[in-house]
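A closer look at the structure
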Amino acid sequence: MIGAGQLARMTWQAAVSLDVGLHVLAASPLDPAVSAGAPYTLGSTDDPDALARAATEGDVVTFDHELVPQGQLRRLVDDGHLLRPQPAALELAQDKLAARTTFQQMGIAVPAFTPVSRPQDVHDFAERHGWPLVLKARRGGYDGRGVHLVEGPAAVDSMSLDTRGGSPAWLAEEHLELAAELAVVVARRPSGQLASYPCVQTHQVDGLCRELVMPADVPAHVGRQAVAMAESLVAGIDASGICAVELFLTGDGRLLLNEIATRPHNSGHVTIEACRTSQFEQHLRAVLDWPLGSTAMVTPAAATVNLIGSGRDGEPWRGLAAALAEEQASIHLYGKQSRPERKIGHVTVLADDRLSALERARAAAAQLVAG
Ligand SMILES: Nc1ncnc2c1ncn2[C@@H]1O[C@H](COP(=O)(O)OP(=O)(O)OP(=O)(O)O)[C@@H](O)[C@H]1O
Ligand SMILES: [Mg+2]
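Quick caveat, the model's predicted, so the values are computed rather than measured. (Residues numbered from 1 in each chain as written. Chains lettered and ligands numbered in written order. Predicted model: local features only at pLDDT ≥ 70, side-chain atom pairs only at ≥ 80, totals over all residues. Heavy atoms only, no water.)

What follows covers the packing of helix H4 (residues 70–78) against helix H5 (residues 87–94). Where H4 meets H5, the axes come as close as 10 Å, and the angle between the chain directions of the two elements is 165 degrees. One way to sum up the angle between H4 and H5 is to call them roughly antiparallel. As H4 runs across H5, the sense of the crossing is right-handed. Between H4 and H5, the contacting residues are Gln70, Leu73, Arg74 and Val77 on the first element and Pro87, Ala88, Leu90, Glu91 and Gln94 on the second. Tallied by class, residues from the contact of H4 with H5 come to five nonpolar, two polar and two charged. (Axes fitted to C-alpha atoms, helices over the stretch in contact; angles between N-to-C directions. Helix = DSSP H or I, 4+ residues; strand = E, 2+ residues; numbered from the N terminus. Parallel < 35°, antiparallel > 145°, perpendicular 65-115°, else oblique. Left-handed = near helix turned anticlockwise from the far one by under 90°. Contact = heavy atoms within 4.5 Å. Nonpolar A, V, L, I, M, F, W, Y, C, P; charged D, E, K, R; others polar.)

This is how it looks when you write it as structure tokens:
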């Protein structure tokens, strides 16, 4: 697995149960998967030598992020390595403009958007779609970094959008009034078998996912439509492994595709406790082309609350004993230093209804981070 963050750490936990040999490419010996004991190669994800050395350790190469440049991915393929997902699918998680364009061509509903290479492109788009609008960095954004709400024309001119004739580095899209944000985690084997988890409903603050519930609190037909959209997308792009599909439900009832991640995803952490097979075990099964596990829920409802760092000293460990007093709470700490706006763990609670699950998960989380 290229990358050794919390996703690799939790994949490692699943690999231990199946006795799958997981080897990670880590930037530092302090990375979450390495501190949990995963064997590793030390090196940067854009260093071709490090990538080649790590790739040689396994039969299949997979990822805990989408940061490896396309050129390097293609080189690994040319060197005979089996990449799952394959570079073309990964590109749709790397490049928001390529993704929007491809999804639209596939007939999947997406927000209105346009490529932006100079301020005038934004003004032209606003003339058709109005203010405010959303400007997104084409590449490299995560946790809301790279996403900007633009209220009016004055704000555009103060941003440096010019790419001097190069390819567009931004896209503008309509600002949507959101009734809900949904996510569907889908697993797909290279041979075609698909399995989807029930649709979750996520809650973002400043672009960062704070908490989610499973199943989503939307009418059953909306949940079914979200799963159907996600499955046709994942099959259509020939992805393998876990693919997380983020969707917007608008105030006027439209279901639109936002973005995808071609790896285990924050919106799937809840599956560790709430479903028969966790997304991490499922990712291993899928990339190894082994039979997928059941995605059925083992509880009527579940909630996950992310632990977002405040940078306070001793966080989150100082509060661990107090949080464990909430006996329904499953606590996952990633072994990361607390920093403001950084995800350093999560808490999941299963219950008979969403609200009880959410309240108990919030109570445990409040012991661990300064909210
Ligand atoms: N067009 C839009 N209209 C309204 N809100 C939006 C729009 N696009 C994004 N947002 C808000 O910003 C959040 C982050 O956007 P997006 O998922 O595109 O960016 P990201 O930083 O790549 O996210 P992630 O953390 O999932 O990687 C969304 O979850 C949503 O809350
Ligand atoms: Mg997102």
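With that settled, the discussion passes to the environment of Ser338. Note on placement: Ser338 falls in the loop between strand S14 (329–333) and strand S15 (343–351). A relative accessible area of 9% means that Ser338 is categorised as buried. Each C-alpha atom of the pair Ser338 and Glu315 lies 6.1 Å from the other, and the pair is 23 residues apart in sequence. Not counting chain neighbours up to four residues away, the residues in contact with Ser338 comprise Gly309, Ser310, Gly311, Arg312, Glu315 and Ile344. At 3.5 Å, the side chain of Ser338 and the backbone nitrogen of Ser310 are in polar contact. (Buried < 20%, exposed > 50% of the residue type's maximum accessible area, 1.4 Å probe, protein only. Polar contact = N/O pair within 3.5 Å; in protein donor to acceptor, adjacent residues only side chain to side chain.)

Quick look at the site of ligand 1 now. Every one of the 21 residues lining ligand 1 counts as a neighbour, but Lys96, Lys136, Asp143, Gly144 and Glu181 are closest to it. Contact between ligand 1 and Gly144: an oxygen atom at 2.7 Å from a main-chain N or O atom of the residue. Taking 620 Å² as the accessible area of ligand 1 by itself, protein coverage stands at 87%. Its residues assigned to classes, the shell around ligand 1 comprises six nonpolar, six polar and nine charged. (Near = heavy atom within 4 Å. Areas by Shrake-Rupley, 256 points an atom, 1.4 Å probe, with all protein chains shown as cover.)

The next subject is empty space enclosed by the protein. What the rule picks out here adds up to one cavity of 30 Å³ or more. Mapped onto the lining of the largest cavity, the elements with two or more residues apiece are helix H6 (96–105) and strand S12 (255–261). Of all the elements, H6 adds the most residues to the lining of the largest cavity, at three residues. Class assignment for the residues of the lining of the largest cavity results in one nonpolar, one polar and three charged. (1 Å grid on protein atoms, 1.4 Å probe; cavity = no way out; pocket = protein on both sides within 12 Å on 5 of 7 lines; lining within 4 Å. Points joined across faces, edges and corners; volume = space filled by probe spheres on them.)

Take the layout of surface pockets next. In this approach, a probe sized like a water molecule rolls over the atoms, and the result shows the empty space that is left. Approximately 300 Å³ is the volume attributed to the second largest pocket. Lining the second largest pocket are 19 residues, with Gly21, His23, Gly58, Asp59 and Val60 positioned closest to its centre. Mapped onto the lining of the second largest pocket, the elements with two or more residues apiece are strand S1 (24–26), helix H3 (48–55) and helix H11 (279–287). Classifying every residue of the lining of the second largest pocket gives 13 nonpolar, four polar and two charged.

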